[in-house]
Amino acid sequence: MSKVLVVMGSDSDFPILEGCFKLLNKFGVEFEAHVASAHRTPERAEELARTAREKGFSVVIAAAGLAAHLGGVLAANTTLPVIGIPCKGGSLNGVDALYATVQMPTGIPVATVAIDGGKNAAILACQMIAIADSELADKLAAYKEEMKSEVLAKDAKLQDKIKAMEA
């Protein structure tokens, strides 16, 4: 089974990643999570990226706010796919982190999810792994069916409320 390496720039990013961790667990995908800063501990961030493949990881998730260089530092030091999660914070409320994460130079791509998009990062990582893992692909398909059922149930409740207003 493939593993996901999750690196957050600060422990304050944990609430954003909590949903990510829960979904990885739901899908049965093993992961490790670490705190490493692109600016305060660049050697640690580089080491995590450079050794990720040999440690059995298939995908790296990087969560960072403000300057948000973590995803780029990790991507520069591995050939594994890196998914960036720009985190809210600072005077620009995460827009600066979004730009820093998505605007990578040619050759150092970072797939980027929405600001604070921890859950989508987990789903995207699982979809990448599921390319070669049919069991995980089936779990993802079932999850999407669950989401579909939830939306249809909400629509049915809405229709009932509207009908009740007519009476």
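Scroll up a little and you will see the structure.
Here the structure is a predicted model, which is why all the values come from computation and not from measurement.

**Here's the deal with helix H6 (residues 134-166)**
Taking 1.5 Å of rise per residue, 33 residues should cover 48 Å, and H6 covers 48 Å from first to last C-alpha, within 8% of that figure. Considered for burial, the residues of H6 that qualify are Leu-136, Leu-140 and Tyr-143. On its buried face, H6 sits against helix H1 (14-26) and helix H5 (118-130). For H6, the N-terminal cap is Asp-133; the gap from its side-chain oxygen to the backbone nitrogen of Glu-135 is 3.2 Å.

**Some thoughts on the packing of aromatic side chains**
The description of two aromatic rings rests on the distance between their centres and on the angle between their planes. Tallied over the full model, the rule gives three aromatic pairs. Seen from their ring centres, Phe-14 and Phe-21 are 5.8 Å apart, and the 45° between their planes marks the pair as tilted. Judged by relative accessible area, Phe-14 falls into the partly exposed class, the value being 39%. Judged by centre distance (5.0 Å) and plane angle (0°), the rings of Phe-21 and Phe-31 are stacked. One end of the pair, Phe-21, is in helix H1; the other, Phe-31, is in strand E2 (residues 30-35), and ten residues separate them in sequence. By relative accessible area, Phe-21 is classed as buried at 9%.

**Digging into the layout of surface pockets**
Considering only enclosed or pocket space, the largest pocket measures out at about 320 Å³ in volume. Along its surface, the largest pocket is lined by 18 residues, and Gly-9, Arg-40, Ala-64, Gly-65 and Leu-66 are the ones closest to its centre. Residue classes in the lining of the largest pocket are distributed as seven nonpolar, eight polar and three charged.

**Quick word on the sheet that holds strand E4 (residues 82-87)**
Strand-to-strand pairing in sheets goes through backbone hydrogen bonds, with the strands running parallel or antiparallel. With parallel pairing, the five strands of this open sheet are ordered in space as E2-E1-E3-E4-E5. Strands with a single pairing partner mark the edges of an open sheet, and in this sheet they are E2 and strand E5 (111-112). Here strand E1 (residues 3-8) pairs with E2 via six bridges, running parallel. Within E2, the residue paired with Val-7 across the bridge is His-34. Against the sheet, H5 contacts E1, strand E3 (57-65), E4 and E5, and its axis sits at roughly 160° relative to E3.

**Topic: the nonpolar core**
Counting residues in each nonpolar core, the largest one holds 28 residues, and the members touching the most others are Val-4, Phe-27, Ile-61 and Ile-85. Mapped by element, the contributors of at least two residues to this core are E1, H1, E3, E4, H5 and H6. The element best represented in this core is H5, accounting for seven residues. The contact partners of Phe-27, leaving out residues within four places of it in the chain, are Ile-123, Cys-126, Leu-136, Lys-139, Leu-140 and Tyr-143. Residues Ala-45, Leu-48, Ala-68 and Ala-100 belong to the second largest nonpolar core, which totals 21 residues.

Criteria and cut-off values
- Residues numbered from 1 in each chain as written.
- Predicted model: local features only at pLDDT ≥ 70, side-chain atom pairs only at ≥ 80, totals over all residues.
- Heavy atoms only, no water.
- Helix = DSSP H or I, 4+ residues; strand = E, 2+ residues; numbered from the N terminus.
- Expected span 1.5 Å × (residues − 1).
- Buried < 20%, exposed > 50% of the residue type's maximum accessible area, 1.4 Å probe, protein only.
- Contact = heavy atoms within 4.5 Å.
- Polar contact = N/O pair within 3.5 Å; in protein donor to acceptor, adjacent residues only side chain to side chain.
- Phe/Tyr/Trp six-rings, centres within 6.5 Å; stacked < 30°, edge-to-face > 60°.
- 1 Å grid on protein atoms, 1.4 Å probe; cavity = no way out; pocket = protein on both sides within 12 Å on 5 of 7 lines; lining within 4 Å.
- Points joined across faces, edges and corners; volume = space filled by probe spheres on them.
- Nonpolar A, V, L, I, M, F, W, Y, C, P; charged D, E, K, R; others polar.
- Pairing = 2+ DSSP bridges.
- Axes fitted to C-alpha atoms, helices over the stretch in contact; angles between N-to-C directions.
- Core = buried A, V, L, I, M, F, W, Y, C linked by side-chain atoms within 4.5 Å.

Note that every value here comes from positions in space, so none of it alone points to a role or purpose.
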